[in-house]
Amino acid sequence: MELRQLQYFVTVAQHGSFTRAAQLLHLSQPGVSSQIRQLERELGHPLFDRSGRTVRLTPVGEAVLPHARAALAAAAAARRTAQEFGGLRRGHVRLGMVAGAALTPPAELGTFPGLATTLAAFRQEHPGIDFSLTEDTTARMLDALRDGRLDLAVVGLPAPASGREGDDGWSALTGLALHTVLEVPLVAACASEHPLAAGTGPGSADSPGSGSGAAPGVPGADRSALPVAELAGHALVSTPRGTGLRTALECALAEAGVDPAVGVEAAAPPQLAELAAHGLGVAVLPDPGPLPGVRVRPLTGPVPRVRIALTWPTGQPASPPTAALVAHLRRAYPGPAAAQAPAPVQAPAGTAAPSTMCSSAAAPSSTSRSSGK
């Protein structure tokens, strides 16, 4: 029995697919299948039921899975322990991020360096520490942190999610520390000829005596607020389920009593805005700024917000390279003061309190070029 076989087994079990597991492991599907069959022969029992369209664990597989995860976690801990003797002279950090996580804030929220700049500065201080960077959805990265496949991640969450008790964010944050980097409201963006492109109600751009409306000097921006409930009956454009942006949207729709009608999904906000510009629906995303042929309106009742945050496991001490990178990133991205005030961010060796979850499901990973997932 080899550790790699256990890793293949755990990955297939998590994703329910040999093909998907092979993609994530950067291996061929026959190679993964062959290694798992060898493991099954050694154990004397089949671990997967392959008779259906989706691969399912057999009763033996379900019983073996926690032991396989424990063995992989123990091996990772042994590597970290040995690595500590080398201090920060060398090491490896597995960093996950929502697609295209540049960590660049809107102009009104101030400025700070992009993620690539920050990692380059860290690498200059610690030239022996390597990185592996993975793009995925927030839901999958939270699973990867919990399973020990990632050391640190930049995730997108509905804004209330903090990991503290009483929070209405994701319960998946249990056992993870969280440090907020950026929190922004979501807006509606649609083609200029769309029925929701301009407000006509009280306080809107077209209302007599209104002081709100189109932002001066900004083409394509209509700053009259759009109630979330008015999205009902319109095709929406959003990121896949399992992303923070989609979860924030679904929570706002649920609070407004509107059933989601997402007709088009894309991996990243720039793609959402482009799809909206071509009339494929109303995109809900962080403010994209002025775009040709696109009208942008703030949302209200409620205002959906998305939070970009650093998160890492708290069940055991982090390796020295991971702990150093966490400290470096927290200095580079101090985050909004208000978001940090209720409770101090815990160190990598701490624990996070549980939270409840606003309904959202995991989705297949995707790669793109923006943040807010």
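This one's a predicted model, so the numbers in the text were calculated from it and none came from an experiment.

Quick notes on the rules
Residues numbered from 1 in each chain as written. Predicted model: local features only at pLDDT ≥ 70, side-chain atom pairs only at ≥ 80, totals over all residues. Heavy atoms only, no water. Core = buried A, V, L, I, M, F, W, Y, C linked by side-chain atoms within 4.5 Å. Buried < 20%, exposed > 50% of the residue type's maximum accessible area, 1.4 Å probe, protein only. Helix = DSSP H or I, 4+ residues; strand = E, 2+ residues; numbered from the N terminus. Contact = heavy atoms within 4.5 Å. Salt bridge = Lys/Arg side-chain N within 4 Å of Asp/Glu carboxyl O. pLDDT = per-residue confidence, 0-100. 1 Å grid on protein atoms, 1.4 Å probe; cavity = no way out; pocket = protein on both sides within 12 Å on 5 of 7 lines; lining within 4 Å. Points joined across faces, edges and corners; volume = space filled by probe spheres on them. Pairing = 2+ DSSP bridges. Polar contact = N/O pair within 3.5 Å; in protein donor to acceptor, adjacent residues only side chain to side chain.

**Describing the nonpolar core**
Logical step 1: Within the largest apolar cluster, 52 residues are counted, with the highest numbers of intra-cluster contacts made by Leu152, Leu231 and Leu285.
Logical step 2: Looking at which element gives the most residues to this core, the answer is strand 6 (residues 176–191), with nine residues.
Logical step 3: Residues within four places of leucine 152 in sequence aside, it is in contact with Arg94, Leu95, Gly96, Leu145, Leu310, Thr311, Trp312, Leu325, Val326 and Leu329.
Logical step 4: With 17 residues, the next largest nonpolar core counts Leu6, Val10, Phe18 and Leu39 among its residues.

**Describing the pattern of salt bridges**
Logical step 1: Taken as a whole, this structure holds eleven salt bridges when the rule is applied.
Logical step 2: Salt-bridge contacts for aspartate 130 lead to arginine 123; the nearest nitrogen and oxygen are separated by 3.3 Å.
Logical step 3: Note that glutamate 183 and arginine 307 form a salt bridge whose closest N and O atoms lie 2.9 Å from each other. One end of the pair, glutamate 183, is in strand 6; the other, arginine 307, is in strand 12 (residues 305–313), and 124 residues separate them in sequence.
Logical step 4: Shared partners join several salt bridges into a network, and the residues in it are Arg241, Arg246, Glu250 and Glu265.

**Considering the confidence of the model for the protein chain**
Logical step 1: This prediction gives the protein chain a mean pLDDT of 76; 74% of its residues lie at or above 70.
Logical step 2: Counting contacts from residues 200–222, a segment whose pLDDT is below 50, to residues more than four positions away or on other chains yields 40 contacts.
Logical step 3: Confidence drops under pLDDT 50 across residues 338–372; counting only partners more than four residues distant or on other chains, this segment forms 124 contacts.

**A closer look at the layout of surface pockets**
Logical step 1: Computed from the structure, the largest pocket encloses a volume of approximately 1,100 Å³.
Logical step 2: Mapped by element, the contributors of at least two residues to the lining of the largest pocket are helix 1 (3–15), helix 2 (18–25), helix 4 (59–84), strand 3 (91–97), strand 4 (129–135) and helix 6 (138–147).
Logical step 3: Counting residues per element, the lining of the largest pocket draws most heavily on helix 1, which supplies eight residues.

**Comments concerning the environment of leucine 6**
Logical step 1: Assignment of secondary structure puts leucine 6 in helix 1.
Logical step 2: Distance from leucine 6 to leucine 72, taken between C-alpha atoms, is 7.4 Å for residues 66 residues apart in sequence.
Logical step 3: If we ignore the near neighbours within four places in the chain, the residues touching leucine 6 are Met1, Leu39, Ala68, Ala71 and Leu72.

**Digging into the pairing of strand 3**
Regular strands place side chains that alternate from one sheet face to the opposite one.
Logical step 1: Counting buried residues along strand 3, five of its seven residues qualify, which places the element largely inside the surrounding structure.
Logical step 2: Where strand 3 lies against strand 4, seven bridges are found, and the strand directions are parallel. By the bridge assignment, arginine 94 is partnered in strand 4 with serine 132.

**Remarks on helix 2**
Logical step 1: If you check which residues of helix 2 are buried, you get Phe18, Arg20, Ala21 and Ala22.
Logical step 2: Each element contacted by the buried residues of helix 2 is listed here: helix 1, helix 3 (29–43) and strand 1 (48–49).
Logical step 3: Put simply, serine 17 is the residue that caps the front of helix 2, since its side-chain oxygen is 3.2 Å from the backbone nitrogen of threonine 19.
Logical step 4: Histidine 26 sits one or two positions beyond helix 2 and adopts a positive phi of about 60°.

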